[in-house]
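Read off the chains here:
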Amino acid sequence: MQELGRLEDLPQDYRDALNRNHLVPLWPSLRNVMPPHVPRPRTRPIAWPYQAIRPLLMQAGELTPIEKAERRVLVLANPGHGLEKMQASASIYLGMQLLLPGEWAPSHRHTPNAVRMVVEGQGAWSTVDGEKCPMERGDLILTPTGLWHEHGHDGDEPVVWLDVLDLPLAYYLEVAYHIDGPRQQPRPGRGDRAYARGGVAPTQVFTRSAKPYPMLRYPWKDARAALLELATDRPDLDCVQVTYTNPETGGDCENILGFYALMLRPGQTLTLPARSPACVFHVIEGGASVQAVDQHMELSTADTCCIPGWASATLRNASASEPAFLFLADEAPLHRKLGLYETRA
Ligand code: 1HN
């Protein structure tokens, strides 16, 4: 491949003239913005052990009252992007949020899509678009773009959850903003009950729901049971995985990021192909290792890691006798919509 001219090859007075006129020569940067054959992600494979996060998050609970934080969150920042960018990957933001007994995180809505994966504790709830969703460990709760949401806590122990947002994308697109609102009055009815049984959907005089987000809470007990039954029924399957879907359309439950649960059989090793989207792994139950690029990451329950796009990953269940359950988030819906999704063997 042809070596291209460097910036230093140009006379200083010419470079100064370009600068003064807000102009930049393309050729010194061309290979950087458009590398040959495969992108060079800034996203690094990195793990955030819960054991390191938890004491610092509890300390945040002592240092900063909820009124001074609104959302008491420690952001899981990928050093490949620079910590101040608060990015796990190009489009994924991750944060661990703490709500203490009696606290309330007031109602607001915003343009980025969010989900919460409950990590520990009992008694908290999120009211999303008027639907009061109990938060139990492993539950996935959606707060899609534009929907009002607030969090409260009637229990007596700290509750922690993992927030996953497409905030870096919304920020880059210059569309990120929020609006504060009044406390919501929960209304009766819950999507996770209405759609609790696969294959039948609530129907009003032969008409199905037109809501873009008909289901807001995906209970872990149901996703876990689905994985265990899939594993039993299909011993031939290597990849025991479910996608969190919109039960009306069958499509992804949110527009930009994709969410999945994966079961590793006892002793299983599973290799995932290199794909264009970056991917986040969070251990709901058990332990697993994730090997990607040049990193080997050992994950215990509640640990989180991310891997860049264009990298294959080898997952291994740490236990020879128990299954391991992982929650995954990726950028696949976004890549597919943009026509940029690729898998490499
Ligand atoms: C947000 O609204 C929440 O509602 C959590 O719990 C994290 C990070 C950035 C912007 C908005 C929440 C957030 C957030």
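Every value quoted in this text rests on a predicted model; they were computed, and no experiment measured them. (Residues numbered from 1 in each chain as written. Predicted model: local features only at pLDDT ≥ 70, side-chain atom pairs only at ≥ 80, totals over all residues. Heavy atoms only, no water.)

Q: How would you explain the overall build of the chain if you had to name every residue and give the values?
A: Helix and strand counts for the chain come out as 8 helices and 25 strands. Expressed as lengths along the three principal axes of its C-alpha atoms, the size of the chain is roughly 70 × 50 × 50 Å. With 345 residues in all, the chain has 47% of them scored as buried. At a minimum sequence separation of 6, the contacts of the chain that also span at least 24 residues come to 74%. (Helix = DSSP H or I, 4+ residues; strand = E, 2+ residues; numbered from the N terminus. Buried < 20%, exposed > 50% of the residue type's maximum accessible area, 1.4 Å probe, protein only. Contact = heavy atoms within 4.5 Å.)

Q: Can you explain the side chain of Asp-303? Please cite residues and give values.
A: Take Asp-303: it is sitting in the loop between strand E21 (295-299) and strand E22 (304-307). Arg-54 provides the closest opposite charge to the buried, unpaired Asp-303, separated from it by 11 Å. Residues in contact with Asp-303, not counting those within four places in the same chain, are Trp-48, Pro-49, Tyr-50, Gln-51, Phe-281, His-282, Val-283 and Glu-298. (Lys, Arg positive; Asp, Glu negative; His and termini not counted. Salt bridge = Lys/Arg side-chain N within 4 Å of Asp/Glu carboxyl O.)

Q: For the site of the ligand, give the residues involved together with the corresponding values.
A: The environment of the ligand is formed by Arg-71, Tyr-93, Gln-97, His-108, His-110, Arg-116, His-149, His-151, Asp-163, Leu-165 and Leu-167. Between an oxygen atom of the ligand and a side-chain N or O atom of His-110, the distance comes to 2.7 Å. Contact with the protein chains removes 84% of the 330 Å² of surface that the ligand exposes when unbound. Sorting the residues of the shell around the ligand by element identifies strand E3 (93-99), strand E4 (104-110), strand E9 (149-153) and strand E10 (159-165) as the ones contributing at least two each. Of the residues assigned to the shell around the ligand, the class counts are 3 nonpolar, 5 polar and 3 charged. (Near = heavy atom within 4 Å. Polar contact = N/O pair within 3.5 Å; in protein donor to acceptor, adjacent residues only side chain to side chain. Areas by Shrake-Rupley, 256 points an atom, 1.4 Å probe, with all protein chains shown as cover. Nonpolar A, V, L, I, M, F, W, Y, C, P; charged D, E, K, R; others polar.)

Q: Break down the environment of Gln-295 for me, with residues and values.
A: You can see Gln-295 is positioned in strand E21. The class of Gln-295 is partly exposed, set by a relative accessible area of 32%. In the structure, Gln-295 is positioned 12 residues away from Ile-307 in sequence and 9.3 Å away in space, judged by C-alpha atoms. Residues within four places of Gln-295 in sequence aside, it is in contact with Pro-45 and Val-290.

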